[in-house]
Amino acid sequence: MRNLQFASAFGLFLLLGSCTTHRDPRVEALTALADSIQTHQRLLEEPSDARTAEAATWAENNLREFELLLDDGNVVVSKEEGRIISDVSRARRLLKDQGSRRTSLPKSAARAVGQLRGLAQAITSGAAKDAAGTPIDSAYIAREMKTELAIGRDVVRALEETQQLAERGIALWQKTASRADSLQTVCRSRLAKAIIEGE
């Protein structure tokens, strides 16, 4: 009797397993990429907008200060000191680039996610036409998948690059801030001396 119950339960398990629906691999690919975009968007919140803005303001102000100090040629810096100024300039460029991307990327990401999920839904539901009334057949799905997957991957890549720009810019800020302050003090002293000697 116990063996019969076990056999019945095992048979029911096999029956249920055979009824399990497997997701269309096309739908899985589209959904996975949409999820990836949203994950990368959340990761982009670190470093925060406030942190990157603070770093960008520092880089902008310090580079302008160096330009003013060196503008008339009265102040000469060594090769090592020049590298400090180059680091400030590089931090400014990195932070400026990521700042402009942070402004434009959310719209691109939202559009890509919407298109990916919309196409996945159309495939799942077996829709006959898209929102514009275009018939949905296998050729249509293949064409749209190629386009939307490419766009989605470009968005992921842009999100990754933007985060890297922010992280590198902030790292340069933290590495260079104290040295830049010290160098500006030295440059002001040299400029004052050059002005006095020129009088």
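I will try to describe carefully the structure that is included in this document. (Residues numbered from 1 in each chain as written. Predicted model: local features only at pLDDT ≥ 70, side-chain atom pairs only at ≥ 80, totals over all residues. Heavy atoms only, no water.)

The axis of helix H5 (residues 138-198) is deflected most strongly, by about 50°, at Thr176. You can read the cap of H5 off the contacts: a side-chain oxygen lies 3.3 Å from the backbone nitrogen of Ala139, and it is on Asp137. (Bend = angle between axes of the 7 residues up to and from the residue. Helix = DSSP H or I, 4+ residues; strand = E, 2+ residues; numbered from the N terminus. Polar contact = N/O pair within 3.5 Å; in protein donor to acceptor, adjacent residues only side chain to side chain.)

Here helix H3 (residues 49-70) crosses helix H4 (residues 79-125) at 140°, and the two axes come no closer than 8 Å. Between H3 and H4, the angle is such that the two are oblique. Between H3 and H4 the crossing geometry is left-handed. Between H3, through Asp49, Thr52, Ala55, Ala56, Trp58, Ala59, Glu60, Asn62, Leu63, Phe66 and Leu70, and H4, the contact on the second element is made entirely by Ile85, Val88, Ser89, Ala91, Arg92, Leu95, Gln98 and Arg102. Of the residues belonging to the contact of H3 with H4, the class tally is 11 nonpolar, 4 polar and 4 charged. (Axes fitted to C-alpha atoms, helices over the stretch in contact; angles between N-to-C directions. Parallel < 35°, antiparallel > 145°, perpendicular 65-115°, else oblique. Left-handed = near helix turned anticlockwise from the far one by under 90°. Contact = heavy atoms within 4.5 Å. Nonpolar A, V, L, I, M, F, W, Y, C, P; charged D, E, K, R; others polar.)

What follows concerns the pattern of salt bridges. As enumerated under the stated definition, the model contains 16 salt bridges in all. A salt bridge links Glu54 to Arg51, with the shortest nitrogen-to-oxygen separation between them at 4.0 Å. Placement of the pair is Glu54 and Arg51 together in helix H3, with a separation of 3 residues, close to one helical turn. On the accessibility criterion, Glu54 (43% relative accessible area) is partly exposed. Relative accessible area serves as the criterion here: at 32%, Arg51 is assigned to the partly exposed category. Between Arg90 and Asp87 there is a salt bridge, and its shortest N-O distance comes to 3.3 Å. Of this pair, Arg90 and Asp87 both sit in helix H4, 3 residues apart, roughly one helical turn. Residue class for Arg90 comes out partly exposed when judged on its relative accessible area of 32%. Judged by its relative accessible area of 11%, Asp87 falls in the buried class. Ionic contacts of the salt-bridge type, sharing partners, join the residues Asp87, Arg90, Lys175 and Arg179 into one network. (Salt bridge = Lys/Arg side-chain N within 4 Å of Asp/Glu carboxyl O. Buried < 20%, exposed > 50% of the residue type's maximum accessible area, 1.4 Å probe, protein only.)

Take the environment of Arg64 next. With respect to the element layout, Arg64 can be found in helix H3. Since its relative accessible area comes to 40%, Arg64 is described here as partly exposed. A polar side-chain atom of Arg64 sits 3.3 Å from a polar atom in the side chain of Asn61.

Further remarks concern the side chain of Gln184. Relative to the elements of secondary structure, Gln184 occurs in helix H5. Ignoring any residue separated from it by four or fewer positions in sequence, one finds Gln184 in contact with Asn62, Glu65, Phe66 and Leu69.

Among the structural elements, Thr176 can be located in helix H5. Overall, Thr176 belongs to the buried group, its relative accessible area being 0%. Once you skip the residues sitting within four places of it in the chain, Thr176 turns out to touch Trp58, Ile84, Asp87 and Val88.

Of all hydrophobic cores here, the largest spans 24 residues; its most connected members are Leu30, Ile37, Leu116, Ile123 and Met145. Listed by contribution, the elements that provide at least two residues to this core are helix H2 (25-43), H4 and H5. If you tally residues by element for this core, the top one is H4, at 9 residues. Of all hydrophobic cores here, the second largest spans 22 residues; its members include Phe66, Leu69, Val75 and Ala91. (Core = buried A, V, L, I, M, F, W, Y, C linked by side-chain atoms within 4.5 Å.)

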